[in-house]
Amino acid sequence: MLSKLVPRIKAKPLTERTSSRDAFVYLDRVQKFFGWTAVEDKRWRIPYILWGIFMNLLLIFFLPISMLVAYIQKFKSFTAGEFLSSLELTVNMYGCVLKCIYTIWGFKGFTAARKVLDELDLRCTSDEERNSVHRCVALGNLSYVLFHIFYSGYVVINWTGYVLMGRHAWMMYLPGLDAENNFFVASLCEILLMSTVVTMQQCTDVSPLAHMLMARCHICLLKDRLTKLRTDPTKDEDEHYEELRNCVHDHRLILDYVNALRPTFSGTIFVQFLLIGIILGLSMINLMFFSTLWTGLGTMCYMFDVCLETFPFCYLCNMIIDDCQKLSDNLFQSDWTTASRRYKSTLVYFLQNLQKPIILTAGGVFPICMQTNLSMVKLAFSVVTVIKQFNLADKFQ
């Protein structure tokens, strides 16, 4: 059913041409809407730039400021649950501002990385390799669709819960609009703005995952090629050597691809690592002490979405580290013992390079992996523990 609405989440048959960059089709469409990409028709360049400036000023600058103004103007009217529900989102929103800036700044890196993907696709000649690319392309698009469902689900559930109680979900400051006398109009403006900014946040979270999915795809294809080295008895020594050189070139391209993306993802994940513990801590306090049935459901959806921002990507980075280890194992276990001296010397050089795993770091400080992610999440339990020990929650009830 879902594949009929968004057909690119299903792997295309081999009769249809698919390239690795097709994994970002849905992501690119939304980023183009926000003005984060380049317009193809130069006649629309100036209007597109103006549109991008308007959208980013509205969502990256106006909306976070409006939340602060709302705190100043309406602080006394906040209940504890409303304040925490708004605060946990505001903290994430300011993190989103930084992640969006990193993503916009990394546009040239994305462009360079996709050119490298085009070169890697040229090596996918067999049906088995092409089928692997098709599956990973579908997985990249599926990740965007699933994130959109989960993120939008939080917005709808949280907004519905507060509207049913006759309250504003996020208590935004909307210039020129009296929110108390125009409740439904203000509420519609809130859900429209929040849905848009959540979609923008989604782009910054899906981009690392989708791009590194394609990196892992080509790493796995290289693993298979290394296993098949010198297994074809019909080829002579020069042809075997050329196959090895092609594998060395493939590995170099994969490194170039990751290095083109490294600065952008380092910044976005660093911001998220710094915030995830605080955001989850605030959400847990809200859920445990101040939530009703509907608002609690919205808070749980929000906590799940916050975990989605880092957990899948960190797990993928762990898988890539393991795959890099298998690259060197597969090369060493290939049939090289009877090869020429030239082949062996190239193999030794290649083996030394393969033993250096592809590791991404957040801000050049934290390795991006599950261990780091779990360490950051533990901060949430520390926040809840402090609240319980000092009975701070009882003072606001």
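Bear in mind that the values here come from a model prediction, so they are computed numbers and not experimental data.

(A) Up close: the overall build of the chain. Within the chain one finds 12 helices and two strands. Start at the N end of the chain and walk to the C end: the helices and strands fall as α-α-α-α-α-α-α-α-α-α-α-β-β-α. Viewed in the frame of its principal axes, the chain has a C-alpha envelope of about 85 × 55 × 35 Å. Burial statistics for the chain: of 397 residues in total, 50% are counted as buried.

(B) Inspection of unusual backbone geometry at higher detail. Even without being a glycine, Arg230 presents a positive backbone phi close to 60°. When you line up the elements, Arg230 lands in the loop between α7 (183–227) and α8 (237–290).

(C) Region of the structure containing the packing of helix α4 (residues 80–105) against α7. With their axes 9 Å apart at the nearest point, α4 and α7 run at an angle of 50° to one another. Comparing the axis directions of α4 and α7 gives the class oblique. At the point where α4 passes α7, the crossing takes the left-handed sense. Here Leu89, Asn92, Met93, Cys96, Lys99, Cys100 and Thr103 of α4 lie close against α7, whose contacting residues are Met194, Val197, Met200, Gln201, Thr204 and Asp205. Split into classes, the residues belonging to the contact of α4 with α7 amount to seven nonpolar, four polar and two charged.

(D) Inspection of helix α9 (residues 293–308) at higher detail. With 16 residues, α9 ought to run about 22 Å at 1.5 Å a step, and its terminal C-alpha atoms sit 23 Å apart, in line with that. Turning to α9, its buried residues are Thr295, Gly296, Gly298, Thr299, Tyr302, Met303, Asp305, Val306 and Leu308. Residues of α9 that are buried in the fold lie against α4, α6 (127–164), α8 and α10 (311–332).

(E) Looking closely at the UniProt feature "transmembrane region" (unreviewed entry) in the chain. The UniProt record marks residues 48–72, 145–165 and 269–290 with the feature "transmembrane region" (unreviewed entry), using the residue numbering of this structure. A distance of 30 Å separates the end C-alpha atoms of residues 269–290, which is 100% helix and 0% strand.

(F) Molecular detail of the side chain of Ser283. Note that Ser283 resides in helix α8. If we skip the residues at most four places from it in the chain, Ser283 touches Glu88, Thr299, Tyr302 and Met303.

(G) Structural detail: the packing of α4 against α6. Running from amino to carboxyl end, α4 crosses α6 at an angle of 160°, the nearest separation of the two axes being 13 Å. Judged on the interaxial angle alone, α6 and α4 are roughly antiparallel. Crossing of α4 over α6 shows left-handed handedness. On α6, the residues that touch Gly81, Glu82, Ser85 and Leu89 of α4 are Tyr154, Asn158 and Tyr162.

(H) Summary view of helix α11 (residues 341–354). In a regular helix each residue adds 1.5 Å, so 14 residues correspond to 20 Å; α11 covers 20 Å between its end C-alpha atoms and thus fits that length. Taken as a whole, α11 has its buried residues at Tyr343, Thr346, Leu347, Phe350, Leu351 and Leu354. One side of α11 carries all its buried residues, which in axial view fall inside an arc of 140°. Of the exposed residues in α11, the ones pointing more than 90 degrees away from its buried face are Arg341 and Tyr349. On the buried face of α11, the contacting elements are α7, α8 and α10.

(I) Spatial organisation of the pattern of salt bridges. According to the stated counting rule, one finds 16 salt bridges in the structure shown. For Arg21, the salt bridge identified is with Asp118, shortest N-O distance 2.8 Å. Here Arg21, found in the loop between α1 (2–5) and α2 (25–33), pairs with Asp118, found in helix α5 (residues 107–121); they are 97 residues apart in sequence, far enough to count as distant. The exposure class assigned to Arg21 is partly exposed, which follows from its relative accessible area of 32%. Note that Arg114 and Asp28 form a salt bridge whose closest N and O atoms lie 2.5 Å from each other. On the criterion of sequence distance, the pair formed by Arg114 in helix α5 and Asp28 in helix α2 is long-range, its members being 86 residues apart. Overall, Asp28 belongs to the partly exposed group, its relative accessible area being 21%.

(J) Geometry of the environment of Leu89. Relative to the helices and strands, Leu89 is located in helix α4. Take Leu89: its relative accessible area is 6%, and that puts it in the buried class.

(K) Focus on the packing of aromatic side chains. Taken as a whole, this structure holds 14 aromatic pairs when the rule is applied. When the centroid spacing of 5.9 Å and the interplanar angle of 40° are considered together, the rings of Trp51 and Phe54 count as tilted. With a gap of three residues between them, Trp51 and Phe54 both fall in helix α3 (residues 45–74), about one helical turn apart. Among the residues examined, Trp51 registers a relative accessible area of 34% and is labelled partly exposed.

Calculation criteria
- Residues numbered from 1 in each chain as written.
- Predicted model: local features only at pLDDT ≥ 70, side-chain atom pairs only at ≥ 80, totals over all residues.
- Heavy atoms only, no water.
- Helix = DSSP H or I, 4+ residues; strand = E, 2+ residues; numbered from the N terminus.
- Buried < 20%, exposed > 50% of the residue type's maximum accessible area, 1.4 Å probe, protein only.
- Axes fitted to C-alpha atoms, helices over the stretch in contact; angles between N-to-C directions.
- Parallel < 35°, antiparallel > 145°, perpendicular 65-115°, else oblique.
- Left-handed = near helix turned anticlockwise from the far one by under 90°.
- Contact = heavy atoms within 4.5 Å.
- Nonpolar A, V, L, I, M, F, W, Y, C, P; charged D, E, K, R; others polar.
- Expected span 1.5 Å × (residues − 1).
- UniProt positions renumbered as here; feature names shortened; annotations may be inferred.
- Arc of directions from axis to C-beta.
- Salt bridge = Lys/Arg side-chain N within 4 Å of Asp/Glu carboxyl O.
- Phe/Tyr/Trp six-rings, centres within 6.5 Å; stacked < 30°, edge-to-face > 60°.

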